[in-house]
Amino acid sequence: VTRAAPRLAEAWLLLGVVRNAQRRPAEAATALRRALALQPDSTRATKEMGNALAFQGRFAEAVPLFRTALAREPDNPDIRRALGLALAMSASDRK
């Protein structure tokens, strides 16, 4: 789908979601960067990009993405959980 419609943000987002589910976070991040370039206000793409970074152990980089997503959807428990985990892991990395 991304070849047929390279300007379709949703296609890049879904590719990123699939790659995260397959535990291929570097590939997920590449797809999600494309999704965010096409649709920068996508909360789901922002959250998934945070997940891709967290799956790579890049928790400090994931925190601002989760904060941005949470600001857009303050009642979303999945984003709250992801932010809490990223904050805890980035704090433990500094110890």
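Residues numbered from 1 in each chain as written. Predicted model: local features only at pLDDT ≥ 70, side-chain atom pairs only at ≥ 80, totals over all residues. Heavy atoms only, no water.

**Q** Would you mind showing me how to read the layout of surface pockets here?
**A** Empty space left among the atoms is revealed by rolling a probe the size of a water molecule over them. For the largest pocket, the calculated volume is near 180 Å³. Forming the walls of the largest pocket are Lys47, Asn51, Ala54, Phe55, Phe59, Phe66, Asp78, Arg81, Ala82, Leu85 and Ala86. Looking at the lining of the largest pocket, the elements with two or more residues in it are helix 3 (43-55), helix 4 (59-72) and helix 5 (77-93). Broken down by element, the lining of the largest pocket gets its largest block of residues, 5 residues, from helix 5. Residues of the lining of the largest pocket, tallied by class, amount to 7 nonpolar, 1 polar and 3 charged. (1 Å grid on protein atoms, 1.4 Å probe; cavity = no way out; pocket = protein on both sides within 12 Å on 5 of 7 lines; lining within 4 Å. Points joined across faces, edges and corners; volume = space filled by probe spheres on them. Helix = DSSP H or I, 4+ residues; strand = E, 2+ residues; numbered from the N terminus. Nonpolar A, V, L, I, M, F, W, Y, C, P; charged D, E, K, R; others polar.)

**Q** Sorry, what's going on with the packing of aromatic side chains here?
**A** The description of two aromatic rings rests on the distance between their centres and on the angle between their planes. Evaluated as defined, the whole model comprises 0 aromatic pairs. Arg23 extends its terminal NZ or CZ atom over the ring of Phe55, reaching a point 4.5 Å from the ring centre. (Phe/Tyr/Trp six-rings, centres within 6.5 Å; stacked < 30°, edge-to-face > 60°. Lys NZ or Arg CZ within 6 Å of the ring centre and 35° of its normal.)

Scope: geometric values only; no functional claims are made or implied.
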